[in-house]
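Analysis of the macromolecular model
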Amino acid sequence: MAAQAPPLDEVVGRREDVIRWWMEGEHHLPGPLIPMEERFIHRYFTEQPFFDYTTKNGLMFDQAQRNADAFNLVHNRKAFEAQLRKSAGLEYVIVEEPQQIPGAPAGQKSGIWVIRKQERVTDGKTKDPNNPFPNTVTLGTYYIVGENVYQAPSVADVVGNRVLSAATHLSKFFEQAATLPSFSPTTGHTYLPQVAKPAGTASVAGSPVRSREGSIAPGVETQSLRSGSLAPDSQTGNTTTSTSAQDARLLAQSLQMSISFNDEYMDENPILGEPGSLKFTSSTAAIKKRKMDEEAAVIAAAKAKEQKESTASKPLSPKPEKVPSPPPPAVFTEAKAGQSATDKARKDEKKRRRKSKPNTQGANTQGTNTPTSATGTQPSFPAS
């Protein structure tokens, strides 16, 4: 079975023999000969694997092999493209020329040519004799960089390649992450393999005070000392870590960076300057203050909206008038009246008794000890 040819957008076209033929002057064209100049671009493109000889360009170059006038025409870019515009069909035209390089000396250009394959069609309305078929449909784009010719990939190919790359990396990630979870009775569920400490090494967590000598310098990768995490290299000695342990360490570092910088975004504090003198646009304090101001404004707006909605939904009721309290029940009124009558009778009885009491002080002042009767007369005694 014959090998399948690679896609054209993965092929690099280059013909050194054609460039040599042009520079040696075997074509006998007048003027100085310059490699990859305007007169040579169409001719150089016809010798590439991207060229289609059934186009109008191919037919005119085929005529140029037997006609001197056609030969001179195809090597004059502007006249050649003007002739292509006069008929409908497939054609190749130059749409971009080399541009001046910014900051470079005058005359130093990029050397990039852009060629477009298109089909020229008619609308039946144009009456311009120099361009009777102005409508075109783009079918492909090619570009020449130096002496190499490339075909520009389509948007579908670019998006498909990106999606395939993302799916491949995700598949590898899931395969790697599937082997990380583990369980043991002593540590429970862990997601990083444990590294055994060498014999004779004291426990770091058990020593409350330890020297700063040998500590990890700033910028060096640090790991958590919790159960299930990897210890720093300075504590593992010369223990050789496996590939899975290195992958686990990279995953732990990625997770740690994600947690540390999850609230920072590039567009919040852009970097200004050039390499060697880069600086942030704003300070960290200014960014935090701006965030707090924005959150306060959002909260205030939400409160105002809520208050406005509650005010609008509450019905306007008239102010209630004072209603006189109802009289007490008749039961309590009669009981109170009966109690008042009883109290009044008791007071009258006390006054009556006080008036009817005899005046003993007046009786003693008469100089006799004769008792008096209750009616106020002295009793009579019989004679002896």
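Reading guide: rules and limits
Residues numbered from 1 in each chain as written. Predicted model: local features only at pLDDT ≥ 70, side-chain atom pairs only at ≥ 80, totals over all residues. Heavy atoms only, no water. Helix = DSSP H or I, 4+ residues; strand = E, 2+ residues; numbered from the N terminus. Contact = heavy atoms within 4.5 Å. pLDDT = per-residue confidence, 0-100. Polar contact = N/O pair within 3.5 Å; in protein donor to acceptor, adjacent residues only side chain to side chain. Expected span 1.5 Å × (residues − 1). Buried < 20%, exposed > 50% of the residue type's maximum accessible area, 1.4 Å probe, protein only. Pairing = 2+ DSSP bridges. Axes fitted to C-alpha atoms, helices over the stretch in contact; angles between N-to-C directions. Phe/Tyr/Trp six-rings, centres within 6.5 Å; stacked < 30°, edge-to-face > 60°. Patch = residues over 30% accessible without salt bridge, like charges linked within 9 Å, V, L, I, M, F, W, Y side chains within 5 Å. Areas by Shrake-Rupley, 256 points an atom, 1.4 Å probe, with all protein chains shown as cover. Salt bridge = Lys/Arg side-chain N within 4 Å of Asp/Glu carboxyl O. Lys, Arg positive; Asp, Glu negative; His and termini not counted. Charge placed at Lys NZ, Arg CZ, Asp CG, Glu CD.

The next point concerns the overall build of the protein. Within the protein one finds 11 helices and 8 strands. Across the protein, the fraction of contacts at a sequence separation of at least 24, relative to all contacts at a separation of at least 6, is 49%.

What follows is about the confidence of the model for the protein. Taken over all residues, the pLDDT of the protein has a mean of 76, while the share at 70 or more is 71%. Overall, residues 360-370 carries pLDDT values under 50, and its contacts beyond four positions in sequence, including any with other chains, amount to 3 contacts.

Further remarks concern the environment of T54. Structurally, the position occupied by T54 is in the loop between α2 (38-46) and α3 (56-64). Separated by 36 residues in the primary sequence, T54 and L90 place their C-alpha atoms 8.1 Å from one another. In this structure the side chain of T54 is engaged in a polar contact, spanning 2.8 Å, whose partner is the side chain of D52.

Take helix α9 (residues 284-313) next. Between its terminal C-alpha atoms α9 stretches 44 Å, which fits the 44 Å expected from 30 residues at 1.5 Å a residue. Buried residues are scarce in α9, accounting for 1 of its 30 residues.

Adjacent strands of a sheet pair through backbone hydrogen bonds, lying either parallel or antiparallel. Spatially, 4 strands are ordered β1-β2-β3-β4 in an open sheet, and the strand pairing comes out antiparallel. At either margin of the open sheet sits one strand with a lone partner, and together these are β1 (89-96) and β4 (148-151). The mean inter-strand angle of the sheet, taken between neighbouring strand axes irrespective of direction, is 30°. Bridge count for strand β2 (residues 112-121) against strand β3 (residues 135-145) is 10 bridges, and the pairing is antiparallel. Within β3, the residue paired with V121 across the bridge is N135. Across the sheet, α2 is in contact with β1, β2, β3 and β4; its angle to β1 comes to roughly 140°.

Moving on, we get to the packing of aromatic side chains. The full count for this structure, using the stated rule, is 13 aromatic pairs. Considering the side-chain rings of F51 and Y53, the 4.8 Å spacing of their centres and the 85° angle between planes classify their relative orientation as edge-to-face. By relative accessible area, which is 10% here, F51 ends up buried. You can call Y53 partly exposed: its relative accessible area is 46%.

Let us now look at a nonpolar patch on the surface. Among the surface-exposed residues, V155, V159 and V163 lie close enough to one another that they form a single nonpolar patch of about 290 Å² accessible area. Position of V159 relative to the elements: it lies in helix α6 (residues 155-178). Judged by its relative accessible area of 47%, V159 falls in the partly exposed class.

Next up on the list: the side chain of H75. As for its position among the elements, H75 is in the loop between α4 (68-74) and α5 (77-84). H75 sits in the buried class, given a relative accessible area of 3%. When near neighbours in sequence (up to four residues on either side) are disregarded, H75 contacts W21, W22, L29, R39 and R43.

Okay, a positive patch on the surface next. On the surface, R346, K347, K350, K351 and R354 cluster together into a patch of positive charge. Within the secondary structure, R346 sits in helix α10 (residues 330-356). A relative accessible area of 56% means that R346 is categorised as exposed.

Here the focus is the pattern of salt bridges. Applying the stated criterion across every chain yields a total of 12 salt bridges. Taking the shortest distance from any N to any O, the salt bridge between E147 and R14 comes out at 2.7 Å. Of the two residues, E147 is situated in the loop between β3 and β4 and R14 in the segment before α1 (16-24); the sequence distance between them amounts to 133 residues. For R14, a relative accessible area of 40% translates into the label partly exposed. Measuring nitrogen to oxygen at the nearest pair gives 3.7 Å for the salt bridge that ties R15 to E47. Taken as a pair, R15 in the segment before α1 and E47 in the loop between α2 and α3 lie far apart in primary sequence, 32 residues in all. A network of salt bridges, in which partner residues are shared, links E38, R77, E81 and E97.

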